[in-house]
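What the coordinates show
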Amino acid sequence: MKIAEGIEMLEIEGNMMGNRMVINPTLLYDGQHAVLVDTGMPGQLELIQAAMAKAGVPFERIDGVILTHQDIDHIGGIQDVINAVGKPIDVYAHAEDQPYIEGEKEPIKMTRERVTQMLSRFPEDIRPQMEKVFRNLPTAKVTKVVADGEVLPIFGGVEVIFTPGHTPGHISLYHRPSKTLIAGDATVSQDGKIRK
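Now for a quick tour of the structure. From a predicted model like this one, the values you see are computed outputs, not experimental measurements.

So, about the overall build of the protein. When helices and strands are counted, the protein shows 6 helices and 15 strands. Here the C-alpha atoms of the protein give a radius of gyration of 16 Å, agreeing with the 16 Å that 2.2 N^0.38 yields for 196 residues. For the protein, the spread of C-alpha atoms along the three principal axes comes to 50 × 40 × 35 Å. Within the span of the protein, comprising 196 residues, buried residues form 44% of the whole. Excluding contacts between residues fewer than 6 apart, the proportion of contacts in the protein whose partners are at least 24 apart in sequence is 56%. Carbon and sulfur atoms make up 50% of the accessible area of the protein, which amounts to about 10,400 Å² in all. If the 20 positive side-chain charges of the protein are averaged to one point and the 27 negative ones to another, these points end up 4 Å apart.

What follows concerns unusual backbone geometry. One non-glycine residue, Asp38, lies in positive phi territory at about 75 degrees. Residue position: Asp38 is located in the loop between β6 (34–37) and α1 (45–55). Phi is positive for Phe155, close to 50 degrees, though the residue is something other than glycine. Tracing the backbone shows Phe155 in the loop between β10 (151–152) and β11 (158–162). Given the relative accessible area of 17%, Phe155 is considered buried.

The 4 strands are arranged β10-β11-β12-β13 in an open sheet whose pairing can be described as antiparallel. Looking at which strands have only one partner, the edges of the open sheet turn out to be β10 and β13 (180–182). Relative to strand β12 (residues 171–175), β11 is paired through 5 bridges, and the arrangement is antiparallel. Bridge pairing links Ile161 to Ser172 in β12.

Bringing α1 into the picture now. Taken together, the buried positions of α1 are Leu45, Ile48, Ala51 and Met52. Looking straight down α1, one finds its buried side chains confined to an arc of 130 degrees; they lie on one side. Those residues of α1 that are exposed and angled more than 90 degrees off the buried face are Glu46, Ala53 and Lys54. Immediately beyond the C-terminal end of α1, within one or two residues, lies Gly56, with a positive phi of roughly 80 degrees.

On to the nonpolar core, then. Leu36, Met52, Ile62, Leu67 and Val81 are the most contacted members of the largest nonpolar core, which has 26 residues in total. Taken together, the elements giving at least two residues each to this core come down to β5 (26–29), β6, α1, β7 (62–66), α3 (78–85) and β8 (90–94). Sort the elements by how many residues they give to this core and α1 lands first, with 4 residues. Beyond its immediate chain neighbours, meaning those up to four positions away, Ile62 contacts Ala34, Leu36, Met52, Val81, Val85, Lys87 and Ile89. Formed by 16 residues, the second largest nonpolar core is a distinct cluster that contains Val37, Val146, Phe155 and Ile182.

To continue, consider the pattern of salt bridges. Enumeration according to the criterion identifies 2 salt bridges in this entry. Residues Lys141 and Glu102 are paired through a salt bridge, measuring 3.5 Å at the closest nitrogen-oxygen approach. Here Glu102 lies in the loop between α4 (98–101) and α5 (112–120) and Lys141 lies in the loop between α6 (127–134) and β9 (144–146), a separation of 39 residues in the sequence. The salt bridge partner of Arg176 is Glu159, with a shortest N-O separation of 3.4 Å. Taken together, the positions of Arg176 in the loop between β12 and β13 and Glu159 in strand β11 put the pair 17 residues apart, joining distant regions of the chain. Residue class for Arg176 comes out partly exposed when judged on its relative accessible area of 41%. Its relative accessible area of 21% is what places Glu159 among the partly exposed residues.

Cut-offs applied
Residues numbered from 1 in each chain as written. Predicted model: local features only at pLDDT ≥ 70, side-chain atom pairs only at ≥ 80, totals over all residues. Heavy atoms only, no water. Helix = DSSP H or I, 4+ residues; strand = E, 2+ residues; numbered from the N terminus. Rg over C-alpha atoms; globule rule 2.2 N^0.38 Å. Buried < 20%, exposed > 50% of the residue type's maximum accessible area, 1.4 Å probe, protein only. Contact = heavy atoms within 4.5 Å. Areas by Shrake-Rupley, 256 points an atom, 1.4 Å probe, with all protein chains shown as cover. Lys, Arg positive; Asp, Glu negative; His and termini not counted. Charge placed at Lys NZ, Arg CZ, Asp CG, Glu CD. Pairing = 2+ DSSP bridges. Arc of directions from axis to C-beta. Core = buried A, V, L, I, M, F, W, Y, C linked by side-chain atoms within 4.5 Å. Salt bridge = Lys/Arg side-chain N within 4 Å of Asp/Glu carboxyl O.

Below you can see the structure in the form of structure tokens.
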């Protein structure tokens with residue numbers, strides 16, 4: 001869904017234990033460059049590529065990824081994206097979430113105990129597949145640490161807004177030219193309405 005000139009909200013639909021799940025990585029782009037904000041769940045690379053193709057933006061144009069925070073539905077596809085782009089790309093994140101994204105610390109919401117409990121609820125036939133995903137959480141080297149108030153010199157200026165709470169290093173992004181806020185999980189909507 002086109003939000004503004006050079007901003008596309010991708011709609012990636014998945015299935016989690018029989019429940020429909022939609023996530024919305026955001027694409028910032030121009031005629032030469034593209035930056036993906038969040039990378040979805042593990043195994044969703046083809047869906048991201050298809051959504052970018054639908055938006056008319058070649059996947060190979062990606063030269064950066066901004067991770068709003070450490071949760072698996074936001075960083076799960078990071079290694080797939082990096083590998084598929086086939087060139088070095090920048091990975092942006094806040095310092096507070098950097099050790100979780102890089103795998104130095106166990107993700108806050110995906111501790112070993114929580115993963116074990118979660119896996120026990122999966123049906124026997126899909127448990128091995130889910131265990132493969134959740135026991136080997138994706139990580140990536142953060143190449144550019146961002147801070148509150150920093151204006152990234154991309155696409156006319158993207159301001160980093162430190163919005164901790166959901167995770168210690170959660171960030172939102174404000175695209176100055178279009179006055180568009182990319183909130184990550186700082187806000188959540190359901191049926192088109194913002195939830196409290």
